[in-house]
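# Structural description and commentary
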2 protein chains.
Amino acid sequence: MTAFAPSRPARRAAYVASAELVPDVLSGSVLAVARMISRAEAGYAEASEALSEIYRHTGKAHVVGITGVPGAGKSTLVAALIKAFASDGQKVGVIAVDPSSPFSGGAILGDRVRMSDAAQSSQAFVRSMATRGHLGGLARATLQAVDVLDAAGYSPIIIETVGVGQDEVEVVTAAHTIVVLSAPGLGDDIQAIKAGILEIADIHAVSKCDRPDAPAAVAALRGMMTLGPGRPGSDWQAPVLPVSSVSGEHISELKDAISRHWDHLRDSGELHDRERNIGRTRILGTARQLFQDRFKRDVTELETHVQAVVDRAMDPSVAACLLLGWENEVQVK
Amino acid sequence: MTAFAPSRPARRAAYVASAELVPDVLSGSVLAVARMISRAEAGYAEASEALSEIYRHTGKAHVVGITGVPGAGKSTLVAALIKAFASDGQKVGVIAVDPSSPFSGGAILGDRVRMSDAAQSSQAFVRSMATRGHLGGLARATLQAVDVLDAAGYSPIIIETVGVGQDEVEVVTAAHTIVVLSAPGLGDDIQAIKAGILEIADIHAVSKCDRPDAPAAVAALRGMMTLGPGRPGSDWQAPVLPVSSVSGEHISELKDAISRHWDHLRDSGELHDRERNIGRTRILGTARQLFQDRFKRDVTELETHVQAVVDRAMDPSVAACLLLGWENEVQVK
């Protein structure tokens, strides 16, 4: 690269500044929505002001998180829900967080294709976010994508994630309604309990309800529900619903439960608390990511401090404060 | 409490300022060492300058991390190692990180008592750090306790931790020599692989070598070793050593392997890289904790920002930057 090489946006004449996309996003342009989500996913600094502006137009959509261990049948369920909501005339948005495992790539691609069929038959917008190479940035980008769909008039917006990993949990707790999907015979229960996912469910769905071991899984979950106190500060009783995404059985019951939970949040006033929790999760998650990014950018500065610590010229606490730019904290703690 | 109540240190005439303890720590006073470690553990702001000063006198000790899943027999092994090192005339320090589980409290107490017997019969200093109520501060306090022992002339210093959890892994990777203890029949292998612990071992020990299934566990680990490339940038071949802490069998071989690894680090020049890695781990770990503490202190500020985000007056990214005190980053990213 020479010093005179034009920067990438300048060379590509077709590049539209993010700020110019905002009005089109707000009027619901599918192309503008897709572009803005791509820029959020890539983490373009140029898009940050536009995303801030878009955020001001959010808060209308019902955000639904669907989570469960791999193999529970999340993507198939989401495809069925898209059809169910679309047949009611709702403009459904879906952001699927792809676990991006090299081993399951094929199967996941298959799921996405199946989901796209559902999308094509309706007004739905389906987008898969890649986790590869994003690490801490995934949750932020995913929720910014939800913002874009919200501002563009989509509702409900479904976030589909596997229920493991800090980012995935962060994403799903940013939903108004959390659906946890279990499958009979997968040993999900134990895994989900470990991940703390069952406790945060507003609705439990048990997939493959045509299987002979499905009633036992439903009974086990219902039994577990009677033990727990439910969500603090809420009198919502999380229902346990058997579903079959293949036959479409009980999908409308699940859809109704999702809508009923949204009505409950608004009627009871619990929505305000939920919104505050979502805001807190998003701020802290973003702060954590900015913090990690800073160390990635400042490698030289970090390594200078590392050498000072190795040389015993400075202790790790002082080095950490200097690196954070919190010099005044050095004396405090 | 009235406005005139004296602060706690003033009321307790016996309280010695941390700065005054430093010379006694450096001359090896057991009382001063114990007090300084207590202050590191409690996170007293008053002690931070003294701990910085103490850090300048570290870098002499050989720090040995011993890790393995609960039930592998770590505490018993550590007690046997104390005796073995002490019989060579070495001044052994031990910092044990207590998992603080309410269910295993009794057993752990038993182990500690057994370890103290070993300590009493020698020049060893044994200290158990509580994890309860510390969260992110555990790694920092534990490594500051190691600093205190280092400055006071203890070597080797053994850090004993369970090999699960971010803090525990952070602590053990701050050792020069990492011993991973497995037990036959515990299914450790899979759990250790999951935690990424096996890969970081400089020495593998297999406990309970008098059990009939011990040879199979040793063979499985040796087989696994031939698969992996070893630590990057090192030509050290991690040995797999069967031990029996109860009968004392093979303990001296393990002790010799630990000493041999220390010689290898110094002779090969790998010690410098190891020290840099340790410094980097400690700086980043401390920075992460300072960051978490900041949000705990600034609850009002955080909640003000949460409301602004709920009201769509501010997006989560801007709120995160303001909260971090990194206003200048708002436009950058």
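Residues numbered from 1 in each chain as written. Chains lettered and ligands numbered in written order. Predicted model: local features only at pLDDT ≥ 70, side-chain atom pairs only at ≥ 80, totals over all residues. Heavy atoms only, no water.

### Points about the overall build of chain A
Where we set the bar: In DSSP terms, a helix is any run of H or I states spanning at least four residues, a strand is any run of E spanning at least two, and both are numbered starting from the N terminus. To sort residues, take the accessible area from a 1.4 Å probe on protein chains only and compare it with the maximum for the residue type: under 20% means buried, over 50% means exposed, and anything in between is partly exposed. Contacts are residue-level and defined by heavy atoms, with any inter-residue pair within 4.5 Å sufficient. All accessible areas in this document rest on Shrake-Rupley with a 1.4 Å probe, and a residue is counted as covered only by the protein chains that are shown.
On a plain count of helices and strands, chain A comes out with 15 helices and seven strands. When burial is assessed residue by residue, chain A has 52% of its 333 residues classed as buried. Taking the intrachain contacts of chain A between residues at least 6 apart in sequence as the baseline, contacts between residues at least 24 apart amount to 75%. About 14700 Å² of surface is accessible on chain A, with carbon and sulfur atoms providing 56% of the total.

### Some thoughts on helix α5 (residues 74-86) of chain A
All names here are of chain A. Convention followed: Multiplying 1.5 Å by the residue count of a helix minus one yields the expected span of that helix.
The end-to-end C-alpha distance of α5, which contains 13 residues, comes to 18 Å, matching closely the 18 Å that a straight helix rising 1.5 Å per residue would cover. Summarising burial for α5: 11 of the 13 residues are buried, a large majority. If you check which residues of α5 are buried, you get K74, S75, L77, V78, A79, A80, L81, I82, A84, F85 and A86.

### Some thoughts on the relation of the copies chain A and chain B
For the record, the criterion: Alignment of the copies relies on least squares applied to C-alpha atoms, considering only residues that score at least 70 for pLDDT in both.
Here chain A sits on chain B after a turn of 180 degrees about the axis and a move of 0.0 Å along it, with an RMSD of 0.1 Å. What the rotation and shift describe, once combined, is the action of a two-fold rotation axis. A shared interface surface links the copies, since 100% of the contact residues of chain A are contact residues in chain B too.

### Digging into the environment of R260 of chain A
Residues and elements named next belong to chain A. With respect to the element layout, R260 can be found in helix α11 (residues 251-268). A relative accessible area of 45% places R260 in the partly exposed class. Residues R260 and T177 lie 83 residues apart in sequence; the distance between their C-alpha atoms is 10.0 Å.

### Quick notes on the side chain of R276 of chain A
In plain terms, the rule: In protein, a polar contact requires one atom able to donate a hydrogen and another able to accept it; more generally it is a pair of N or O atoms within 3.5 Å, and residues adjacent in sequence count only if both atoms are side-chain atoms.
Note on placement: R276 of chain A falls in helix α12 (residues 270-297). Of the polar contacts made by the side chain of R276 of chain A, one reaches the side chain of E303 of chain B; its length is 2.6 Å.

### A look at the pairing of strand β5 (residues 177-182) of chain A
A regular strand places its side chains on the two faces of the sheet in alternate fashion. Residues and elements named next belong to chain A. Selection rule: Strands are treated as partners if at least two bridges between them are detected by DSSP.
With six of six residues buried, β5 is to be regarded as a mostly interior element. Where strand β1 (residues 63-68) and β5 come together, four bridges link them in parallel fashion. Looking at the pairing, V64 lines up with T177 of β5. Strand direction decides the pairing type here: β5 and strand β6 (residues 203-206), joined by four bridges, are parallel. Looking at β6, one finds that V179 is bridged to I203.

### Quick word on the packing of helix α3 (residues 30-42) of chain B against helix α7 (residues 137-151) of chain B
All names here are of chain B. This is how the line gets drawn: Between the N-to-C directions of two axes lies an angle of 0 to 180 degrees, each axis being a line fitted to C-alpha atoms and, for a helix, fitted only over the stretch in contact. Each angle receives one of four descriptions, namely roughly parallel if under 35 degrees, roughly antiparallel if over 145, roughly perpendicular if within 65 to 115, and oblique otherwise. Each crossing gets its handedness from the near helix: less than a right angle anticlockwise from the far helix is left-handed, clockwise is right-handed. Under the convention adopted here, Pro, Cys and the residues Ala, Val, Leu, Ile, Met, Phe, Trp and Tyr are nonpolar, Asp, Glu, Lys and Arg are charged, and Gly plus all remaining residues are polar.
For the pair α3 and α7, the least separation of the axes is 8 Å and the interaxial angle reads 160 degrees. One element, α3, and the other, α7, form an angle in the roughly antiparallel class. The two elements α3 and α7 meet at a crossing, and its hand is right-handed. Only A141, Q144, A145, V148 and L149 of α7 make contact with α3, whose side of the interface consists of V33, M36, I37, A40 and E41. Looking at the contact of α3 with α7 residue by residue, the class counts come to eight nonpolar, one polar and one charged.

### Here's the deal with the packing of aromatic side chains
Residue and element names in this part refer to chain A. Put simply, the test is: Working definition: rings of Phe, Tyr and Trp (its six-membered ring) pair if their centres are within 6.5 Å, and the pair is stacked with planes under 30 degrees apart, edge-to-face with planes over 60 apart, and tilted otherwise. Only when the NZ atom of a Lys or the CZ atom of an Arg is both within 6 Å of the ring centre and within 35 degrees of the ring normal do we say a charge sits over the ring.
Summed over the entire model, instances satisfying the criterion amount to two aromatic pairs over all chains. Seen from the ring of Y15, R39 lies directly overhead, with NZ or CZ sitting 4.1 Å from the centre. Residue placement shows K91 over the ring face of Y154; its charged tip is 4.5 Å from the ring centre.

### What about the interface of chain A and chain B?
To keep it simple, the criterion reads: The rule for a salt bridge is simple: a side-chain nitrogen of Lys or Arg has to be within 4 Å of a carboxyl oxygen of Asp or Glu.
Chain A puts 54 residues into the contact, and the matching count from chain B is 54 residues. Inspection of the region where chain A meets chain B yields six salt bridges. The residue E303 of chain B makes a salt bridge to R276 of chain A at a minimum N-O spacing of 2.6 Å. At the surface where chain A touches chain B, the tally comes to 16 residue pairs in polar contact (both at pLDDT 80 or more). Of all elements in the fold, only α4 (48-55), α7 (137-151), α12, α13 (299-310), α14 (316-324) and α15 (329-332) of chain A reach the threshold of two or more residues within the side of chain A that touches chain B. Ranked by the residues each element gives to the side of chain A that touches chain B, the list is headed by α12 of chain A, at 17 residues.

### Re the pattern of salt bridges
Per the stated rule, a full pass over the model turns up 22 salt bridges over all chains. What emerges from the salt-bridge pattern is a single network uniting D88, K255 and D256 of chain A.

### Section: unusual backbone geometry
All names here are of chain A. Omega for the peptide link from S155 to P156 comes to 0 degrees, which places this bond in the cis form. With respect to the element layout, P156 can be found in the loop between α7 and β4 (157-162). The phi angle at H250 is positive, at roughly 65 degrees, despite the residue not being glycine. Along the chain, H250 turns up in the loop between β7 (240-242) and α11. Using a relative accessible area of 28% as the deciding quantity, one classes H250 as partly exposed.

### Observations concerning the packing of α4 of chain A against α7 of chain A
All names here are of chain A. Two numbers describe how α4 lies on α7: the axes approach to 9 Å, and their chain directions differ by 50 degrees. Classified by the angle between their axes, α4 and α7 sit oblique to one another. For α4 against α7, the interelement crossing comes out left-handed. For the pair formed by α4 and α7, the contact residues are L51, I54 and Y55 on the first element and Q144, D147, V148 and A151 on the second. Here the contact of α4 with α7 is composed, by residue class, of five nonpolar, one polar and one charged.

### Here's the deal with the confidence of the model for chain A
All names here are of chain A. Short version of the rule: Per-residue confidence from the predictor is reported as pLDDT, a score between 0 and 100.
For chain A, the mean per-residue pLDDT works out to 80, and 77% of the residues sit at or above 70. Across residues 1-6, confidence stays below pLDDT 50; counting only partners more than four residues off in sequence or on other chains, it has one contact. Predicted confidence is poor over residues 100-111, with pLDDT under 50, and the contacts of this stretch with residues over four places away or in other chains come to five contacts.

### Focus on the environment of Q123 of chain A
Residue and element names in this part refer to chain A. As for its placement among the helices and strands, Q123 is situated in the loop between α6 (105-120) and β3 (125-130). For Q123 and S87, which are 36 residues apart along the polypeptide, the C-alpha to C-alpha distance reads 9.7 Å. Among all residues touching Q123, those that are not within four sequence positions of it are K91, V92 and Y154.

### Regarding α3 of chain B
Residues and elements named next belong to chain B. Compared with an ideal rise of 1.5 Å per residue, which puts 13 residues at 18 Å, α3 spans 18 Å between its outermost C-alpha atoms and is within 8% of the ideal. For α3, every residue scored as buried is listed here: A32, V33, M36, I37, R39, A40 and E41. Two residues or fewer after α3 comes G43, characterised by a positive phi angle close to 75 degrees.

### Some words on the environment of H272 of chain B
Within the element layout of this structure, H272 of chain B appears in helix α12 (residues 270-297). Since its relative accessible area comes to 39%, H272 of chain B is described here as partly exposed.

### Considerations on the side chain of S317 of chain A
Looking at where S317 of chain A falls in the secondary structure, it is placed in helix α14. Accessibility expressed as a relative area gives 9% for S317 of chain A, which makes it buried. Those residues in contact with S317 of chain A that sit more than four places away from it in its chain are R140, Q144, T286 and L290 of chain B.

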